[in-house]
Amino acid sequence: MESRRDQIHSGEWKGLLNVMQTVTGKEHTNEQTHRVEKSHKNFDDQQVLRGINLDIYENEFLTLLGPSGCGKTTTLRIIAGFEEPSGGEVLFNGIEISKLPPYKREVNTVFQKYALFPHLNVAENIGFGLNLKKVDKDVIAQKVTKMLKMVGLEGFEKRDVTLLSGGQQQRVAIARALVNEPKILLLDEPLGALDAKIRKQMQIELKKIQQEVGITFIYVTHDQEEALSMSDTVVVMNNGEIQQIGSPTDIYNEPENRFVASFIGESNIIEGIMIRDYLVQFDGFEFECVDKGFEDNEEIEVVLRPEDLDIVEPSQAKISGVVRNVTFKGVHYRNSRRNRTAHL
């Protein structure tokens, strides 16, 4: 097997990713609005959050990504005020709000189950919160019309919400949350009930809506594609801890530990030796790479993405093996091969 980058970098693979054990975030130019500081959460004798620190910035699309039970939804519920942390702080513009009830926080939440009111039509569902606040009816009508246009449901004012498609119901739920003009919109796996095609369409719509309204979105998902395609910042979580914070590109191309490397995308993780700066050995061959700062001959783990490998004639390849399995994936084939030291 030979890397695509062999054609660019004089026959040596330069896309090598080393595995480290640090947690960092990207630099932001926007103003920080929320901070979750040293927060932990216990349910009975089980600790589901382990002292996380998280900065949230205005106009940011931030995604909490991780497997089931990693603590992402608990983090969202603490920010929303539905759960109180067992320890630590939740700050909004420097003010501690851990004990502030949800209705007094400048946030709104969209759940996977949209919780629309079946006895109200589309317009009445969207304007429900404004009615509770005794806002003037003409103002409510104007704001509802604006929201309907934003989410692509013009002309649906009088529709029965129970007769809408899943995607349309989700748009009503988003409009209902946004019409109250929150500083932050929280979304707890809102696309989980949609089929694959509508799900992809709504990913584009959500990002467009976030950019149009200009507020912070905090999105919870276990779907890597959603996180990578929509987010400005991805927070990867596991076992109640933050594993890495960064842009989608950083998360994918520069995973900071084995969990992130294996959870994000598909990875081949191979044991290797860092001969010296910019030179690594694995699978019996030496390759140039972009990494430095290791001890000479230090044992490391190498991450190879499938898209970085090409199947070529044996005479052209550095890594050889036998193809054991070929799986058709629609737009590509997935090849599994085995050689004397590794399985790719």
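Our subject in this report is the structure included herewith. Owing to the predicted nature of the structure, the values given are computational and were not obtained by experimental measurement.

Thresholds, definitions, all that
- Residues numbered from 1 in each chain as written.
- Predicted model: local features only at pLDDT ≥ 70, side-chain atom pairs only at ≥ 80, totals over all residues.
- Heavy atoms only, no water.
- Patch = residues over 30% accessible without salt bridge, like charges linked within 9 Å, V, L, I, M, F, W, Y side chains within 5 Å.
- Areas by Shrake-Rupley, 256 points an atom, 1.4 Å probe, with all protein chains shown as cover.
- Salt bridge = Lys/Arg side-chain N within 4 Å of Asp/Glu carboxyl O.
- Helix = DSSP H or I, 4+ residues; strand = E, 2+ residues; numbered from the N terminus.
- Buried < 20%, exposed > 50% of the residue type's maximum accessible area, 1.4 Å probe, protein only.
- Pairing = 2+ DSSP bridges.
- Right-handed = clockwise from strand over helix to strand, strands pointing away.
- Axes fitted to C-alpha atoms, helices over the stretch in contact; angles between N-to-C directions.
- Phe/Tyr/Trp six-rings, centres within 6.5 Å; stacked < 30°, edge-to-face > 60°.
- Lys NZ or Arg CZ within 6 Å of the ring centre and 35° of its normal.

## Comments concerning a nonpolar patch on the surface
Thought 1: Where nonpolar side chains cluster on the molecular surface, the patch consists of Ile311, Val323, Val326, Phe328 and Tyr333 and spans about 550 Å² of accessible area.
Thought 2: Here the nonpolar patch takes three residues from strand S17 (residues 322–328), the largest share from any one element.
Thought 3: Residue position: valine 326 is located in strand S17.

## Some details on the pairing of strand S9 (residues 216–221)
Thought 1: Buried residues dominate S9, accounting for six of its six residues.
Thought 2: Here S9 shows a buried face lined by Thr216, Ile218 and Val220 and a second buried face lined by Phe217, Tyr219 and Thr221.
Thought 3: Judged from the five bridges that link them, strand S4 (residues 61–65) and S9 form a sheet pairing that is parallel. Counterpart to leucine 62 in the pairing with S9 is isoleucine 218.
Thought 4: Judged from the five bridges that link them, strand S8 (residues 184–188) and S9 form a sheet pairing that is parallel. Across the sheet, the residue bridging to leucine 185 is phenylalanine 217, located in S9.
Thought 5: A crossover links S8 with its parallel partner S9, the connecting element being helix H6 (residues 196–213), and its sense is right-handed.

## Concerning the sheet that holds strand S15 (residues 298–304)
Strands in a sheet are paired, the pairing made by backbone hydrogen bonds, and the direction either parallel or antiparallel.
Thought 1: Pairing is antiparallel across the open sheet formed by four strands, whose spatial order is S14-S13-S12-S15. Strands at the two margins of the open sheet, each flanked by one partner only, are strand S14 (285–288) and S15. Across the sheet, the mean angle separating the axes of adjacent strands is 40° when strand polarity is ignored.

## Some remarks on the packing of aromatic side chains
Thought 1: As enumerated under the stated definition, the model contains six aromatic pairs in all.
Thought 2: Considering the side-chain rings of phenylalanine 61 and tyrosine 219, the 5.9 Å spacing of their centres and the 40° angle between planes classify their relative orientation as tilted. Residue phenylalanine 61 is located in strand S4, and its partner tyrosine 219 is located in strand S9; the two are separated by 158 residues in the primary sequence.
Thought 3: Residue phenylalanine 61 is classed as buried on the basis of its relative accessible area, which comes to 0%.
Thought 4: Assessed through its relative accessible area of 0%, tyrosine 219 is described here as buried.
Thought 5: These aromatic residues form a ring-pair network of at least three members: Phe61, Phe217 and Tyr219.
Thought 6: When the ring centre of phenylalanine 156 is taken as reference, the NZ or CZ atom of arginine 159 above it lies at 4.2 Å.
Thought 7: Between the NZ or CZ atom of arginine 305 and the centre of the ring of tyrosine 252, over which it lies, the distance is 4.1 Å.

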